[in-house]
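An overview of the molecular structure
So you can see what is in the structure, the chains are spelled out below.
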Amino acid sequence: GFGEMHAGRYLPRLKAALEGADKERPLFLFLNIADAHRPWQDIPEGLDWVEGQGTVSFSKNDDDGLWQRYIEGATTAEEEAALLPRLSDVYDYAVYQADLNLGRSLDWLSQEGWTGPDTRIVVTSDHGEFLGEHRLLDHGHYVYDGNVRVPFLSVNGPDFLPERLNGLHAYDISLRGG
């Protein structure tokens, strides 16, 4: 389930899944890295780019909850001023964690000999996320570009070598929105 393999719990599960597999046989490996999917994690203290804080949680099923009140415009200006930057922070931290998991996974797969000249890596997402845009939170049945346009990156063969990627999986906080 979402949240069960966030952060440091992901790579050990990947290692266990491939334990005993034959590296000489073709392998199709689908990595579902869901750190950026709710439930989001608390942001720990001590990061130099975001303040430590608890996560934001809400349910679409709560008739008087945060999600419902926000999309109906029933939240106060003060609530929104506190909510929206916090949502952005916890989501940015979640994307950061997903990026770390992808990097650790690709590094380990390469170190353990699971990659070679015929390796193809495809990185994409299943949907975007609304953090207040269009008065929406979360994702779902929305057809705005922010929900349906997703990144796609394909790397083939020798280009996969970590030295060729040179930090491609490193989170660049200079791109982080304000």
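Placed above this text is the structure.
All values reported here derive from a predicted model rather than from experimental measurement.

**Concerning the overall build of the protein**
On a plain count of helices and strands, the protein comes out with five helices and four strands. Burial status across the protein gives 35% buried among its 178 residues. When contacts within the protein are restricted to residue pairs at least 6 apart in sequence, those whose partners lie at least 24 apart make up 69%. Counting only carbon and sulfur atoms, one obtains 51% of the accessible surface of the protein, whose full area is about 11100 Å².

**Overview of the nonpolar core**
Counting 20 residues, the largest nonpolar core has Trp40, Val56, Phe58, Leu83, Leu87 and Leu137 as the members making the most contacts within it. Here this core takes seven residues from helix α3 (residues 77-111), the largest share from any one element. Not counting residues up to four positions away in its chain, the partners in contact with Val56 are Trp40, Leu66, Leu83, Arg86, Leu87 and Val90. With six residues, the next largest nonpolar core counts Leu11, Leu14, Leu18 and Leu109 among its residues.

**Some thoughts on a negative patch on the surface**
Taken together, the side chains of Asp62, Asp63, Asp64 and Glu72 make up a negatively charged region of the molecular surface. Secondary-structure assignment places Asp62 in the loop between α1 (10-18) and α2 (66-71). According to the relative accessible area criterion, Asp62 is partly exposed, its value standing at 40%.

**Details of α1**
Of the residues making up α1, those classed as buried are Tyr10, Leu11, Leu14 and Leu18. On an axial view of α1, the arc spanned by its buried residues comes to 90 degrees, and they lie on one face. Taken from the residues just after α1, Gly20 is the one with a positive phi, measuring 85 degrees.

**Points about the packing of aromatic side chains**
Applying the stated criterion across every chain yields a total of six aromatic pairs. Between Tyr93 and Tyr96 the ring centres are 5.9 Å apart and the planes differ by 35 degrees, which places this aromatic pair in the tilted class. Here Tyr93 and its partner Tyr96 are both found in helix α3, three residues apart, which amounts to about one turn of the helix. Between Phe130 and Tyr144 the ring centres are 6.1 Å apart and the planes differ by 80 degrees, which places this aromatic pair in the edge-to-face class. Of this pair, Phe130 sits in strand β2 (residues 130-131) while Tyr144 sits in the loop between β3 (137-138) and α4 (145-148), and the two are 14 residues apart along the sequence. Taking relative accessible area as the criterion, Phe130 reaches 2% and is therefore assigned buried. Judged by relative accessible area, which is 40%, Tyr144 ranks as partly exposed. Among the aromatic residues, ring-to-ring pairing joins Trp40, Phe58 and Tyr91 into one connected group.

**Re the packing of α1 against α3**
At a closest axis distance of 10 Å, the pairing of α1 and α3 adopts a crossing angle of 35 degrees. Read as a crossing pair, α1 and α3 show a hand that is right-handed. Seen from α1, the contacting residues are Tyr10, Leu11, Leu14, Lys15 and Leu18; seen from α3, they are Asn101, Arg104, Ser105, Trp108 and Leu109. Residue composition of the contact of α1 with α3, grouped by class: six nonpolar, two polar and two charged.

**A short note on the layout of surface pockets**
Space left empty within the atom packing is revealed by a probe, the size of a water molecule, rolled over the atoms. Its boundaries defined by the atoms lining it, the second largest pocket holds a volume of some 150 Å³. Every residue lining the second largest pocket is listed: Tyr91, Glu129, Phe130, Leu131, Glu133 and Gly146. In terms of residue class, the lining of the second largest pocket is built from three nonpolar, one polar and two charged.

**Focus on the pattern of salt bridges**
Applying the stated rule across the entire model yields four salt bridges. The residue Asp138 makes a salt bridge to Arg38 at a minimum N-O spacing of 3.0 Å. With a gap of 100 residues between them, Asp138 in strand β3 and Arg38 in the loop between α1 and α2 connect regions that are remote in the sequence. With a closest N to O distance of 3.1 Å, Asp138 and Lys60 form a salt bridge. In this pair, Asp138 sits in strand β3 while Lys60 sits in the loop between α1 and α2, placing the two residues 78 residues apart along the sequence. On the basis of relative accessible area, Asp138 is assigned to the buried category, the value being 3%. Members of the salt-bridge network, linked through shared partners, are Arg38, Lys60 and Asp138.

Conventions and cut-offs
- Residues numbered from 1 in each chain as written.
- Predicted model: local features only at pLDDT ≥ 70, side-chain atom pairs only at ≥ 80, totals over all residues.
- Heavy atoms only, no water.
- Helix = DSSP H or I, 4+ residues; strand = E, 2+ residues; numbered from the N terminus.
- Buried < 20%, exposed > 50% of the residue type's maximum accessible area, 1.4 Å probe, protein only.
- Contact = heavy atoms within 4.5 Å.
- Areas by Shrake-Rupley, 256 points an atom, 1.4 Å probe, with all protein chains shown as cover.
- Core = buried A, V, L, I, M, F, W, Y, C linked by side-chain atoms within 4.5 Å.
- Patch = residues over 30% accessible without salt bridge, like charges linked within 9 Å, V, L, I, M, F, W, Y side chains within 5 Å.
- Salt bridge = Lys/Arg side-chain N within 4 Å of Asp/Glu carboxyl O.
- Lys, Arg positive; Asp, Glu negative; His and termini not counted.
- Charge placed at Lys NZ, Arg CZ, Asp CG, Glu CD.
- Arc of directions from axis to C-beta.
- Phe/Tyr/Trp six-rings, centres within 6.5 Å; stacked < 30°, edge-to-face > 60°.
- Axes fitted to C-alpha atoms, helices over the stretch in contact; angles between N-to-C directions.
- Left-handed = near helix turned anticlockwise from the far one by under 90°.
- Nonpolar A, V, L, I, M, F, W, Y, C, P; charged D, E, K, R; others polar.
- 1 Å grid on protein atoms, 1.4 Å probe; cavity = no way out; pocket = protein on both sides within 12 Å on 5 of 7 lines; lining within 4 Å.
- Points joined across faces, edges and corners; volume = space filled by probe spheres on them.

Everything listed here is a matter of geometry and, on its own, says nothing about what the molecule does.
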